[in-house]
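Residues per chain are reported as follows:
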Amino acid sequence: MNITKTAMITVCGRPNVGKSSLTNALVGEKIAIVSNKPQTTRNRIYGVVNRGDTQYVLLDTPGLHKPRSRLGDYMVKVVRESLAEVEAALLLVEPIAHVGEPEKILIQRMQEEQIPAILCINKVDMVEKKEELLEVIAAYSQYYDGFEAIIPISARTGDGLEELMVQLSKYAEEGPQLFPDGMTTDQPDAQVCAEIVREKMLHCLDKEIPHGTAVEVTRFTERESGIIDLDVTIYCEKSSHKGIIIGKGGEMMKKISSLARRDIERFMGTKVYMETWVKVKENWRDNANFIRSQGYDEQ
């Protein structure tokens, strides 16, 4: 495969519209964690798709929301900055015939940056009547007539993704390959492993607790046999949360660890031994040094 063109595309939208699911579906493997809770993605993640002579670099961004902490401020800043210096922006929305505040802000940013905008209506597999979809298209077209394409898709079933890739190919520009063959994300392996553990907490734990957690891989070593040893530390904000994460007789921790290990082994393609600890770090989301140490750079 000889890559001669690249296209940088930002995937943006409000929390929980399926940005990470779409990125994973296009890349063809899990590089961004997915859950049905908002603010799952905290950092900007690059997903890399090589097709024909083009390398597509998808910027999966955190959902645009009203920040309530330093970490929240950082996440909103990432979204705003990732709409600069890209070939096109893909606004992902749910099939609701109403343009909400986050969508209006993102459309305004696209206009300011004067970048081509594609509207993707996700979750069309949930829409029962075609008229409902037409109402969504009408609501957005009425609010902003500058979309270069409006494409109904389902990140879950794959509907419309081929049409979307054809549209994205129009923004490819002559240029060198940015990521080597076989690389599907810019995240280091240890970071992907930490994110998978965090995803399992989002699935297994209730409400606010997972949002008050950070996950750090403190040891990542590979044996000669190819087996990987991981030491993972989960930080939470309260000692009462620590008890819930560990669970009665360590049951919850075992469940989170075994679900995470299974996905990590799939991602790494080898057997993984993982040890997990839970530590309390009060108010870490407002601690600038700690946020920076976790890779959320505020610069």
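Residues numbered from 1 in each chain as written. Predicted model: local features only at pLDDT ≥ 70, side-chain atom pairs only at ≥ 80, totals over all residues. Heavy atoms only, no water.

Draft legend 1. Inspection of the packing of aromatic side chains at higher detail. Scanning the model with the defined rule gives 1 aromatic pair in all. Here Tyr144 and Phe147 contribute two aromatic rings whose centre-to-centre distance is 5.0 Å and whose plane-to-plane angle is 85°, an arrangement assigned as edge-to-face. This pair shows no difference in class: Tyr144 is buried, exactly as Phe147 is. Its end group placed over the ring of Tyr273, Lys271 keeps NZ or CZ at 5.5 Å from the ring centre. (Phe/Tyr/Trp six-rings, centres within 6.5 Å; stacked < 30°, edge-to-face > 60°. Buried < 20%, exposed > 50% of the residue type's maximum accessible area, 1.4 Å probe, protein only. Lys NZ or Arg CZ within 6 Å of the ring centre and 35° of its normal.)

Draft legend 2. Geometry of the side chain of Asn122. As for its position among the elements, Asn122 is in the loop between strand E5 (117-121) and helix H4 (130-143). Residue classification places Asn122 among the buried positions, given a relative accessible area of 3%. A polar side-chain atom of Asn122 sits 3.0 Å from the main-chain amide nitrogen of Ala155. When residues no more than four places from it in sequence are discounted, the contact partners of Asn122 are Val17, Gly18, Leu92, Val93, Glu94, Pro95, Ile153, Ser154 and Ala155. (Helix = DSSP H or I, 4+ residues; strand = E, 2+ residues; numbered from the N terminus. Polar contact = N/O pair within 3.5 Å; in protein donor to acceptor, adjacent residues only side chain to side chain. Contact = heavy atoms within 4.5 Å.)

Draft legend 3. Representation of helix H6 (residues 189-204) within the structure. Over its 16 residues, H6 runs 23 Å from end to end, which matches the ideal 22 Å to within 8%, given 1.5 Å per residue. Of all 16 residues that make up H6, 12 are buried, and the element is covered over most of its length. Every buried residue belonging to H6 is among Val192, Cys193, Ala194, Glu195, Ile196, Val197, Arg198, Glu199, Lys200, Met201, Leu202 and Cys204, and all of these are buried. Contacts made by the buried residues of H6 are with strand E8 (214-222), strand E9 (228-236), helix H7 (239-246), helix H8 (251-268) and strand E10 (272-280). (Expected span 1.5 Å × (residues − 1).)

Draft legend 4. Region of the structure containing helix H3 (residues 101-113). Taking 1.5 Å per residue, 13 residues should reach 18 Å; H3 reaches 19 Å between its end C-alpha atoms and fits that length. Here H3 has its buried residues at Pro102, Glu103, Leu106, Ile107, Arg109 and Met110. Seen from one end, H3 has its buried residues packed into an arc of 155°, which puts them on one side. At the C-terminal side of H3, Gln114 shows a positive phi close to 55°. (Arc of directions from axis to C-beta.)

Draft legend 5. Broad picture of the packing of H6 against H8. Across the interface, H6 lies against H8 with an axial gap of 9 Å and an inter-helix angle of 140°. Relative to H8, the element H6 is oriented oblique. Relative to H8, the crossing made by H6 is right-handed. Each of Asp189, Val192, Cys193, Ile196, Val197, Glu199, Lys200, Met201 and Cys204 in H6 lies in contact with H8, whose residues at this interface are Met252, Lys255, Ile256, Leu259, Ala260, Asp263, Ile264, Phe267 and Met268. Of the residues in the contact of H6 with H8, the class split is 13 nonpolar, no polar and 5 charged. (Axes fitted to C-alpha atoms, helices over the stretch in contact; angles between N-to-C directions. Parallel < 35°, antiparallel > 145°, perpendicular 65-115°, else oblique. Left-handed = near helix turned anticlockwise from the far one by under 90°. Nonpolar A, V, L, I, M, F, W, Y, C, P; charged D, E, K, R; others polar.)

Draft legend 6. Region of the structure containing the packing of helix H1 (residues 19-27) against helix H5 (residues 161-168). Packing of H1 against H5 brings their axes to within 11 Å, and their N-to-C directions diverge by 85°. Judged by the inter-axis angle, H1 sits roughly perpendicular to H5. Contacts between H1 and H5 involve Leu22, Ala25 and Leu26 from the first element and Leu161, Leu164 and Met165 from the second. Classifying every residue of the contact of H1 with H5 gives 6 nonpolar, no polar and no charged.

Draft legend 7. Fine view of the confidence of the model for the protein. Per-residue confidence for the protein gives a mean pLDDT of 81, with 79% of residues at or over 70. Within the protein, helix H2 (residues 70-81) has the poorest average pLDDT of any element, 56, and strand E6 (residues 149-152) the best, 96. Contacts for the low-pLDDT stretch residues 35-42, under 50 throughout, to residues beyond four places or in other chains number 41 contacts. (pLDDT = per-residue confidence, 0-100.)

Draft legend 8. Quick peek at the environment of Trp284. Mapped onto the elements of the fold, Trp284 is located in the loop between E10 and helix H9 (288-293). For the pair Trp284 and Glu237, spaced 47 residues apart in sequence, the C-alpha separation works out to 6.7 Å.

Draft legend 9. Structural context of the pairing of E6. Of the two faces of E6, the one lined by Ala149 and Ile151 is fully buried and the one lined by Ile150 and Pro152 carries no buried residue. One ladder, built from 4 bridges, connects E5 with E6; its direction is parallel. What sits directly across from Cys120, in E6, is Ile151. Remark: the E5/H4/E6 crossover connection has right-handed handedness. (Pairing = 2+ DSSP bridges. Right-handed = clockwise from strand over helix to strand, strands pointing away.)

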